[in-house]
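What follows is the residue order along each chain.
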Amino acid sequence: MARVGSDSQQAERIDAALSEWHQGDAALEERWFTHVAEPALSLTPESAQADEGLQAITSEVEGLVVVTQTCDVVRSCVARPFVEAAPLVQVSGAALHEVEKGRRPAQAFLPALAERKLVVDLDRIMTVEKSVVASWTRTPGCGTDREIRAFALALARKRARVAFPNDFVALASNLTKRMSSKHDKDSDEGRALRALREIRVHAAPAWEADEVVLTFWFIRGEDAPGFEERRWDHYLDGWLERLHTAGRFTSIDGAIQTLDDLTAREYVESDPLDLDHLSPRDDPA
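None of these values were measured; they are calculated from a predicted model. (Residues numbered from 1 in each chain as written. Predicted model: local features only at pLDDT ≥ 70, side-chain atom pairs only at ≥ 80, totals over all residues. Heavy atoms only, no water.)

Trainee: Hey, could you go over the overall build of the protein chain for me, with residue numbers and the actual values?
Mentor: A tally of helices and strands in the protein chain yields ten helices and 14 strands. Within the protein chain, counting contacts between residues at least 6 apart in sequence, those at least 24 apart form 72% of the total. Counting only carbon and sulfur atoms, one obtains 48% of the accessible surface of the protein chain, whose full area is about 15,600 Å². (Helix = DSSP H or I, 4+ residues; strand = E, 2+ residues; numbered from the N terminus. Contact = heavy atoms within 4.5 Å. Areas by Shrake-Rupley, 256 points an atom, 1.4 Å probe, with all protein chains shown as cover.)

Trainee: Could you give an account of the pattern of salt bridges, naming the residues involved and the relevant values?
Mentor: The tally for this structure, following the rule as stated, stands at ten salt bridges. One salt bridge in this structure joins Glu269 and Arg265, with 3.0 Å as the shortest N-O distance. The exposure class of Glu269 is partly exposed, given its relative accessible area of 42%. Classification of Arg265 as exposed rests on a relative accessible area of 57%. One continuous salt-bridge network, built from bridges that share partners, spans Arg197, Glu198 and Arg200. (Salt bridge = Lys/Arg side-chain N within 4 Å of Asp/Glu carboxyl O. Buried < 20%, exposed > 50% of the residue type's maximum accessible area, 1.4 Å probe, protein only.)

Trainee: How would you explain the sheet that holds strand 9 (residues 198-204) if you had to name every residue and give the values?
Mentor: Reading across from one edge, 13-10-9-14 is the order of the four strands in this open sheet, with mixed pairing throughout. Since the sheet does not close on itself, it has two edges, and those belong to strand 13 (249-257) and strand 14 (271-272), each with one partner. Sheet analysis places strand 9 next to strand 14, joined by two bridges and oriented antiparallel. The residue of strand 14 that forms the bridge with Val201 is Asp271. Strand contacts of helix 7 (residues 166-182): strand 9, strand 10 (212-219) and strand 13, with the helix running at about 25 degrees to strand 10, the strand carrying the most contacts. Sheet contacts for helix 9 (residues 232-240): strand 10 and strand 13; angle to strand 13, the most-contacted strand, approximately 160 degrees. (Pairing = 2+ DSSP bridges. Axes fitted to C-alpha atoms, helices over the stretch in contact; angles between N-to-C directions.)

Trainee: A description of the confidence of the model for the protein chain should follow, citing residues and the corresponding values.
Mentor: In this model, the protein chain carries an average pLDDT of 83, and 84% of its residues clear a pLDDT of 70 or more. Within the protein chain, the element-level pLDDT minimum falls on helix 2 (residues 45-48), averaging 55, and the maximum on strand 4 (residues 64-66), averaging 96. Confidence drops under a pLDDT of 50 for residues 277-285, and excluding neighbours within four residues, the segment shows 18 contacts in the predicted structure. (pLDDT = per-residue confidence, 0-100.)

Trainee: Can you lay out the nonpolar core for me, pointing to particular residues and giving the numbers?
Mentor: Counting 29 residues, the largest nonpolar core has Phe168, Trp207, Leu214, Phe216, Phe218, Trp239 and Leu273 as the members making the most contacts within it. Residues Trp21, Phe33, Val66 and Ala85 belong to the second largest nonpolar core, which totals 17 residues. (Core = buried A, V, L, I, M, F, W, Y, C linked by side-chain atoms within 4.5 Å.)

Trainee: I'd like to hear about helix 7, residue by residue, with values.
Mentor: The terminal C-alpha atoms of helix 7 lie 24 Å apart, and with 17 residues this matches the ideal 24 Å at 1.5 Å per residue to within 8%. When we look at burial in helix 7, the residues that qualify are Phe168, Val169, Leu171, Ala172, Leu175, Thr176 and Met179. Where helix 7 is buried, its residues contact helix 8 (188-195), strand 9, strand 10, helix 9 and strand 13. (Expected span 1.5 Å × (residues − 1).)

Trainee: Account for helix 8, with residues named and values stated.
Mentor: What sets the pattern is the α-helix's 3.6 residues per turn: residues three or four places apart point alike. Listed in full, the buried residues belonging to helix 8 are Glu189, Gly190, Ala192 and Leu193. Viewed end-on, helix 8 has its buried residues packed into an arc of 160 degrees, placing them on one side of the element. (Arc of directions from axis to C-beta.)

Trainee: Quick rundown of the environment of Glu208? Include the residues and the values.
Mentor: Residue position: Glu208 is located in the loop between strand 9 and strand 10. Along the sequence, Glu208 and Arg248 sit 40 residues apart, while their C-alpha atoms lie 9.1 Å from each other.

Trainee: Describe the packing of helix 8 against helix 9, listing the residues and the values that go with them.
Mentor: Look at helix 8 against helix 9: their axes get within 11 Å of each other, and the N-to-C directions meet at 95 degrees. Our classification of the angle between helix 8 and helix 9 gives roughly perpendicular. Touching Asp188, Glu189, Ala192, Leu193 and Ala195 of helix 8 are Trp232, Tyr235 and Trp239, all from helix 9. Here the residues of the contact of helix 8 with helix 9 are counted per class, giving six nonpolar, no polar and two charged. (Parallel < 35°, antiparallel > 145°, perpendicular 65-115°, else oblique. Nonpolar A, V, L, I, M, F, W, Y, C, P; charged D, E, K, R; others polar.)

Trainee: Account for the environment of Ser8, naming residues and giving values.
Mentor: With respect to the element layout, Ser8 can be found in helix 1 (residues 2-18). The spatial distance from the C-alpha of Ser8 to the C-alpha of Val78 is 9.1 Å, given a sequence separation of 70 residues.

Trainee: Break down the pairing of strand 5 (residues 82-90) for me, citing the residues and quoting the values.
Mentor: Examined bridge by bridge, strand 4 and strand 5 share three bridges and lie antiparallel to one another. Opposite Val66, over in strand 5, you have Ala85 as the bridge partner. Examined bridge by bridge, strand 5 and strand 7 (residues 118-121) share three bridges and lie antiparallel to one another. Across the sheet, residue Leu88 finds its bridge partner in strand 7, namely Val120.

Trainee: A description of the environment of His97 should follow, citing residues and the corresponding values.
Mentor: Along the chain, the position of His97 falls in helix 4 (residues 93-100). According to the relative accessible area criterion, His97 is partly exposed, its value standing at 21%. In the structure, His97 is positioned 20 residues away from Lys117 in sequence and 9.6 Å away in space, judged by C-alpha atoms. Sequence-distant contacts of His97, that is, excluding residues within four places in its chain, are made with His183 and Arg194.

Here is the structure:
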């Protein structure tokens, strides 16, 4: 009976320690991430140095971030004993901006860590017992409801993003190359690209149809009908000129929109044009 009482008290202490933790909170002092690797394949420097056979490899990172939903983090450790954590990595200022805009789905932005240029690497996830997390020092990653929702959306996008057909990737390549080359330039177009909230594309009737009509929506802020000394239509015309009908794609149109302009159906039935997944499915990069 003493053992049962001791376990109950320990669980209460763990639950109390995690009661303030939220999805997106960081443990900056936790600098080690563990993953399973096959050393013979040498996919990472750490695995290349290990012995043969499957190994649990530990690599140094910039901290860990809780990616488990808050409701599960604060639930009793008896019912939910584990938490998922992802590592923090440091990026350039340009990459940080792309992550903040949601254009790099493999990474997630945390406002509280922006000054350090740290983002969450969503390609790597490890499971940690709550008893371990209870000993971590909590650094809040988000400060407002809007920031919390944006982080949750980044996690969802990583798992739910569409795999664009290869022929669409080829069709859009001129536009995406232009976006990538101009995005960080100190030019009218570069600043216009940075001012966009997101870019979405709608395929009708479906991506796999024999004939497809494409609509690109370049979503701007609600309070900017023009940008600097030009109207948005000037930039729209230039971007659409880089898209040409080919094969199944029989029609291409586009518009500058705000979130208020789009219906809920138009938004959920379109897909974000993210830089990370605009590469052919057989491209190892």
